Amino acid sequence: MPTTIRSLEAKLENGEPLTMLTAYDAPIARFVDAGGVDMILVGDTAGHNHLGYEDPLPVTMQEALSNTAAVSRAAESAMVIGDMPFLSYGTSLETSVENAGRFLKESGADAVKLETPPGGETTIEITARCTELGIPVQGHLGLTPQRMNEIGGPVIQGREGPDSAFADELVATAERLEEAGIFSLVLEGTTEGVAKRITEAIDVPTIGIGAGRHVDGQVLVITDLLGLGAEDYKLSKQYTDLDEIVRGAVEEYVEEVEDGAFPARENVYEPIDD
Ligand code: KIV
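This is a predicted model, so every value here is computed, not measured.

Caption draft 1: Main features of the overall build of the protein chain. Helix and strand counts for the protein chain come out as eleven helices and eight strands. Rg of the C-alpha trace for the protein chain: 21 Å, near the compact-globule value of 19 Å for 274 residues, within the 12% margin. Each of the 274 residues in the protein chain was classed as buried or not, and the buried ones make up 47%. In the protein chain, the share of contacts with a sequence separation of at least 24, taken over all contacts with a separation of at least 6, comes to 60%. Carbon and sulfur atoms form 51% of the exposed surface of the protein chain, whose accessible area is close to 14,100 Å².

Caption draft 2: Summary view of the environment of phenylalanine 183. Its place among the elements puts phenylalanine 183 in the loop between helix H8 (165–180) and strand E6 (184–188). In contact with phenylalanine 183, other than residues within four places in its own chain, are Ile5, Leu8, Met39, Met79, Ile81, Ala111, Pro136, Val137, Gln138, Val204 and Pro205.

Caption draft 3: Region of interest: the pattern of salt bridges. Per the counting criterion, the structure on display carries nine salt bridges. Across the salt bridge formed by aspartate 38 and lysine 11, the nearest N and O atoms sit 3.0 Å from each other. One end of the pair, aspartate 38, is in the loop between helix H2 (26–34) and strand E2 (39–42); the other, lysine 11, is in helix H1 (residues 5–13), and 27 residues separate them in sequence. Like lysine 11, aspartate 38 is buried. One salt bridge connects arginine 213 with glutamate 192, and the closest N-O pair in it is separated by 2.6 Å. Of this pair, arginine 213 sits in the loop between strand E7 (206–209) and strand E8 (217–220) while glutamate 192 sits in helix H9 (residues 192–201), and the two are 21 residues apart along the sequence. Assessed through its relative accessible area of 26%, glutamate 192 is described here as partly exposed.

Caption draft 4: Highlighting helix H4 (residues 61–74). Over its 14 residues, H4 runs 20 Å from end to end, which matches the ideal 20 Å to within 8%, given 1.5 Å per residue. In this fold, the buried residues of H4 make contact with H2, E2, helix H3 (46–49), strand E3 (79–83) and helix H5 (93–107).

Caption draft 5: Representation of a negative patch on the surface within the structure. Together, Glu251, Glu252, Glu255, Glu258 and Asp259 line one region of the surface with negative charge. Along the chain, aspartate 259 turns up in the segment after helix H11 (242–258). By relative accessible area, which is 54% here, aspartate 259 ends up exposed.

Caption draft 6: Region of the structure containing the nonpolar core. With 35 residues, the main nonpolar core has Phe103, Leu185, Leu187 and Ile198 as its most contacted residues. Residue assignment for this core shows that the elements contributing at least two residues are H4, H5, strand E4 (111–115), helix H6 (121–133), strand E5 (137–142), H8, E6 and H9. It is H8 that contributes the most residues to this core, seven residues altogether. Those residues in contact with phenylalanine 103, other than ones at most four positions away along the chain, are Met61, Ala64, Leu65, Thr68, Gly82, Asp83, Met84, Pro85, Gly108, Ala109 and Val112. Counting residues in each nonpolar core, the second largest holds 33 residues, with Leu18, Ala26, Val37 and Leu226 among its members.

Conventions adopted
- Residues numbered from 1 in each chain as written.
- Predicted model: local features only at pLDDT ≥ 70, side-chain atom pairs only at ≥ 80, totals over all residues.
- Heavy atoms only, no water.
- Helix = DSSP H or I, 4+ residues; strand = E, 2+ residues; numbered from the N terminus.
- Rg over C-alpha atoms; globule rule 2.2 N^0.38 Å.
- Buried < 20%, exposed > 50% of the residue type's maximum accessible area, 1.4 Å probe, protein only.
- Contact = heavy atoms within 4.5 Å.
- Areas by Shrake-Rupley, 256 points an atom, 1.4 Å probe, with all protein chains shown as cover.
- Salt bridge = Lys/Arg side-chain N within 4 Å of Asp/Glu carboxyl O.
- Expected span 1.5 Å × (residues − 1).
- Patch = residues over 30% accessible without salt bridge, like charges linked within 9 Å, V, L, I, M, F, W, Y side chains within 5 Å.
- Lys, Arg positive; Asp, Glu negative; His and termini not counted.
- Charge placed at Lys NZ, Arg CZ, Asp CG, Glu CD.
- Core = buried A, V, L, I, M, F, W, Y, C linked by side-chain atoms within 4.5 Å.

Here is the structure:
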């Protein structure tokens, strides 16, 4: 059964935690989907985890659309969310909405995600226009990596405390995003207290990454979970070590070709020339 906004709401009402993982290509998306996650985010973390950039900022619309289309083709039941790349939204309302629409029209995504800074009028307006037109939007608050240069690095948001003026502003922004029609809200890199306050303040589900335990669901970056070129982030958990497995397989292949063990008799088409 495909995951829909309604089925996410039903899970939330039943008190069941929601799950989301990133994926950037079809083979991994197939496993993520079959593993039972509710949502696959084709994140702009593709920049460093898939496309070889330093960070997410260089990711283009074309790259994001292509990654999202590959994931959509592979996913049978998870909701596929296309992450709008840096400056593909925000420069004008018209371009933002057109670009958001391209994820649904050209890539088969079910929804888009876009980042909002505290009080971010521009993205709240874009969100409202998109949802009015039928483009479901997932919000993203807290540590918003597309604004890393402005924020000054990977700084955890809300250390001032859950009752601070900054926390008040994040809560107010979450409420405005909810009014604008978001169906869920990613909370990244915030203290637990702030994430808890936001989760209590809005009815749509909050999905945390480095936001602690008092949220409605969790998201991780797939390469971190798989240990594929991953960094050791406190917020994450590595469930396996693909680096080790891939390195071993490649080294064994090179060794076997070099010493003549591969290809062997069983890898050769008939008639076999012995
Ligand atoms: O781009 C991404 O992968 C994300 C997640 C970290 C939430 O935004």
